[in-house]
Amino acid sequence: MNDVNRAVLSGLAEIRADLEGLYRDVHQHPELGLQEHRTAQKVSDFLRGFGYEVTDGIGGTGVIGVLRNGDGPTVMSRADMDALPVREQTGLPYASTVTTTDGNDTEQPVMHACGHDVHVTALVGCAQLMAQSQDSWHGTFVALFQPSEENGDGAEAMINDGLTTKAPKPDVVLAQHVLPYPAGYVGTRPGSFLSAADSLRITLHGRGAHGSMPQAAVDPIVLAALIIVRLQTIVSRELAATTPAVLTVGSIHAGNGPNVIPDSAVIELNVRTYDDATRKQVRQAIERIVRTESEASRSPKAPEIEQITSFPPTVNDDEATQRVADAFAAYFTDDAHTIDLQTASEDMSEVPDAFGVPFTYWGIGGIDAKLYAEAAEKGSIAQDIPVNHSPDFAPVIQPTLDTAVSAMTVAALAWLGR
Ligand code: ZN
Ligand code: ZN
C-alpha cells in the first residue's frame, strides 16, 4: 500500500460503524427515481458537515459537493441514489417495508434492489476521508449524487439543469457498482463494460370480433405471438456468434376475456447491445419484423413503435482504466480482477460526455464469499445467487462497504494523491 492510500484510508476504522448505520438507514428508506428527497437531504447535510461547497436540487434531487484543496487535477466521483419498485424479500432486520404511489396513483413497494444504497454510503465515506486528510493530496474532489439511474433520466436531468456550469470541469469521472460477485472482489475492464439498453413499446392493431368468428377478425394476439417468436431470430440468425446482444420481450397485454378477439395488443421489449452499429442493426430488424408481420396478418393499421427508455453503452477510457487497475492491483492485490462484460446498462457516461472528459467505471462484489464459493462449487451461481433487481438481493454489509469506500478513495487518489 502506498503512503497516500494508507494516510487517507487510516480514517476508515473510525467512521466504519457510522457508515454501516448510514447504509442500514438508506436501505430501509429507499426512494424511486427523482423522488430521492430524503436521501439527497442526508448526503447534502453530510457534505456540508465535511466542509464541501454543496449545490443541491440539480435536476430535481441531484447533489454535488466540491472540496477544493489547492492546485492539481479535478476528480468527480459519482454515486446513484434511486431504488426500484420491488417488494423486498430478503428477511433482513433492516429490510424495506416502504411503499409509494406512482404517477397513476398505484401503490408500489420500494426496495434498494440494485445496491445504490452501497454506492451512496461509499461516496459519503470517501468524501469524509478526503476531507479529513487534506494534507495527503492536492486538487479538487467533486462528489456527485445522481438521481434516477434506473429510469435512465437522472444524469440527463442534472445536465439539463446546468451541471456543467455548476460543477468544476473534471479531468476524469469515476463510478462503481455493486454486482453479484464475492464481497471483497474489485473488477475493472477497459473498453466496453455495460451494454446499451433500449426499451420499446409496440402497439399492434387488429380487428375485434366474437371469439367464435375468426373470419370477421384480425387477431392481434396471434400476430403478437408470431412477432415475439420471430424477434428471437434477430440475435440467433441475423448477428454473428461473436456479436453479443440480448432481446427480451418483457410484457404483453391484450384482451379481456376468453371469447372476445381484441382489436389491439401491446408488447414491450428490451434490447442490449454493445456498440452503435449493432444497436442500429437490431433496431432496424425489429421495425422490419413488426411491420411486415403486421402486413402479413392483414393488420388494418400500421403498428406503432415507441421508445420508452434508452441507455448509451458504457465504454471505459483505456488510459483512465489502466490507472485505476494499477492502483487497485497495488491496494487490493489478489482481490483486484479484470471483470467480464456485463449486460446491465447505465446512464453515468452522460455526465463525463457532457463535460467531454474520460471516465472509468468498475464493479465490486457484494455476495457473502462463502455462499458464493459454495454455489461455484456446485456450478449453481446463476440459480443460487440473487442478482441485482431481485427481491432477494442482499449485499453483505462487510466487507462490501469497506471495499466500496476503499475502491472509490484509491481510484480518486490515483489522480489526486500524486
Ligand atoms: Zn439497477
Ligand atoms: Zn444499479
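Enquirer: Any chance you could explain the side chain of His-205 here in plain terms?
Expert: Structurally, the position occupied by His-205 is in strand E10 (residues 196–205). Among the polar contacts listed, one links the side chain of His-205 to the side chain of Glu-304, at a separation of 2.9 Å. Residues in contact with His-205, not counting those within four places in the same chain, are Leu-223, Asp-263, Ser-264, Ser-299, Pro-300, Lys-301, Ala-302, Pro-303 and Glu-304.

Enquirer: Would you explain the coordination of the zinc ion (ligand 1) in this entry?
Expert: Coordination angles at a metal have ideal targets, namely 109.5 degrees for four tetrahedral donors and 90 or 180 degrees for six octahedral donors. Note on the zinc ion (ligand 1): its protein donors are Cys-114 (SG), Glu-150 (OE), Glu-150 (OE) and His-389 (NE2). The metal-donor distances range over 2.1 to 2.7 Å. With 4 donor atoms in place around the zinc ion (ligand 1) and angles of 53 to 152° between them, the coordination shape is irregular. Linear spacing of the donor residues for the zinc ion (ligand 1) on their chain is C-x35-E-x238-H. Here the zinc ion (ligand 1) and the zinc ion (ligand 2) are spaced 3.0 Å apart, and both take Cys-114 as a donor. On the criterion of sequence distance, the pair formed by Glu-150 in the loop between strand E6 (139–146) and helix H5 (154–160) and His-389 in the loop between helix H12 (381–384) and helix H13 (397–416) is long-range, its members being 239 residues apart.

Enquirer: Looking at this structure, I do not really get the sheet that holds strand E17 (residues 336–338). What am I missing?
Expert: Two modes of strand pairing occur in sheets, parallel and antiparallel, and in both the strands are linked by backbone hydrogen bonds. What the 8 strands build is an open sheet, ordered E1-E2-E6-E3-E7-E18-E8-E17; its pairing is mixed. Sheet topology places strand E1 (53–58) and E17 at the edges, where each strand pairs with a single neighbour. When strand polarity is set aside, the average angle formed by the axes of neighbouring strands in this sheet is 25°. Docked against the sheet, helix H4 (residues 116–132) engages strand E2 (62–69), strand E3 (74–80), E6, strand E7 (172–182) and strand E18 (359–367), running at close to 160° with respect to E6. Each of E3, E6, E7, strand E8 (186–188) and E18 is contacted by H13, which is oriented at about 155° to E7, the strand it contacts most.

Enquirer: Is there a simple way to think about helix H8 (residues 276–296) in this case?
Expert: Residues separated by three or four positions in an α-helix point in the same direction, a consequence of the helix having 3.6 residues per turn. Counted at 1.5 Å a residue, the expected span for H8 with its 21 residues is 30 Å, and the 30 Å between its end C-alpha atoms agrees. Where H8 is concerned, the buried positions are Thr-278, Arg-279, Val-282, Ala-285, Ile-286, Ile-289, Val-290, Glu-293 and Ser-294. The buried residues of H8 occupy an angular sector of 150° when the element is viewed end-on, so they sit on one face. For H8, the exposed residues lying more than 90 degrees away from the buried face are Asp-276, Ala-277, Lys-280 and Glu-295. For H8, the elements touching its buried residues are E10, helix H7 (220–238), strand E12 (245–253), strand E14 (264–273) and strand E15 (304–311). The N-terminus of H8 is capped by Asp-275, whose side-chain oxygen sits 3.1 Å from the backbone nitrogen of Ala-277. Downstream of H8 by one or two residues, Arg-298 has phi in the positive range, about 65°.

Enquirer: Looking at this structure, I do not really get the pattern of salt bridges. What am I missing?
Expert: Side-chain pairing between opposite charges can occur once the charged atoms of the two side chains come close. Here the structure, examined in full by the defined rule, presents 18 salt bridges. When the shortest N-O distance is used, the salt bridge between Asp-347 and Arg-78 registers 3.3 Å. On the criterion of sequence distance, the pair formed by Asp-347 in the loop between E17 and helix H10 (350–355) and Arg-78 in strand E3 is long-range, its members being 269 residues apart. This pair shows no difference in class: Asp-347 is buried, exactly as Arg-78 is. If you follow the salt bridges from partner to partner, you end up with Arg-78, Asp-80, Glu-346 and Asp-347 in one network.

Enquirer: How should the packing of aromatic side chains be read in this particular structure?
Expert: A ring pair, where both rings are aromatic, is described by two values, the distance of the centres and the angle of the planes. Scanning all chains against the criterion turns up 7 aromatic pairs. Both rings, one in Phe-328 and one in Phe-332, keep their centres 5.5 Å apart while their planes meet at 80°; by these two values the pair is edge-to-face. Residue Phe-328 and its partner Phe-332 are located together in helix H9 (residues 318–332), separated by 4 residues, close to a single helical turn. For Phe-328, a relative accessible area of 1% translates into the label buried. With relative accessibility at 10%, the residue Phe-332 sits in the buried group. Site record: aromatic cluster; members linked through ring pairs are Phe-328, Tyr-331, Phe-332 and Trp-362.

Enquirer: Which parts of the structure should I look at to understand the sheet that holds E14?
Expert: In space, the 4 strands of this open sheet follow the order E12-E14-E10-E15, with antiparallel pairing throughout. Both edges of this open sheet fall to E12 and E15, since each of them pairs with a single strand only. Going from strand to strand, the sheet's axes swing by 20° on average, the running direction of each strand aside. Here E12 runs beside E14; their pairing, made up of 8 bridges, is antiparallel.

Enquirer: Would you explain the pairing of E1 in this entry?
Expert: A regular strand places its side chains so that they alternate between the two faces of the sheet. The pairing of E1 with E2 spans 5 bridges and is antiparallel. Paired with Thr-55 across the two strands is Ile-64, which belongs to E2. Hairpin connection, E1 to E2: the antiparallel pair is bridged by 3 residues, and Gly-59 has positive phi, about 65°.

Enquirer: Help me out: how do you make sense of the coordination of the zinc ion (ligand 2) in this one?
Expert: Distances from the zinc ion (ligand 2) to its protein donors, namely Cys-114 (SG), His-116 (NE2) and His-177 (NE2), fall within the range 2.1 to 2.4 Å. Every donor residue of the zinc ion (ligand 2) comes from the same chain, spaced as C-x1-H-x60-H.

The rules behind each value
Residues numbered from 1 in each chain as written. Chains lettered and ligands numbered in written order. Predicted model: local features only at pLDDT ≥ 70, side-chain atom pairs only at ≥ 80, totals over all residues. Heavy atoms only, no water. Helix = DSSP H or I, 4+ residues; strand = E, 2+ residues; numbered from the N terminus. Polar contact = N/O pair within 3.5 Å; in protein donor to acceptor, adjacent residues only side chain to side chain. Contact = heavy atoms within 4.5 Å. Donors = N, O, S within 2.8 Å, 3.2 Å for Na, K, Ca; no water. Tetrahedral: all angles 85-135°; square planar, octahedral: opposite > 155°, others 65-115°. Pairing = 2+ DSSP bridges. Axes fitted to C-alpha atoms, helices over the stretch in contact; angles between N-to-C directions. Expected span 1.5 Å × (residues − 1). Buried < 20%, exposed > 50% of the residue type's maximum accessible area, 1.4 Å probe, protein only. Arc of directions from axis to C-beta. Salt bridge = Lys/Arg side-chain N within 4 Å of Asp/Glu carboxyl O. Phe/Tyr/Trp six-rings, centres within 6.5 Å; stacked < 30°, edge-to-face > 60°.

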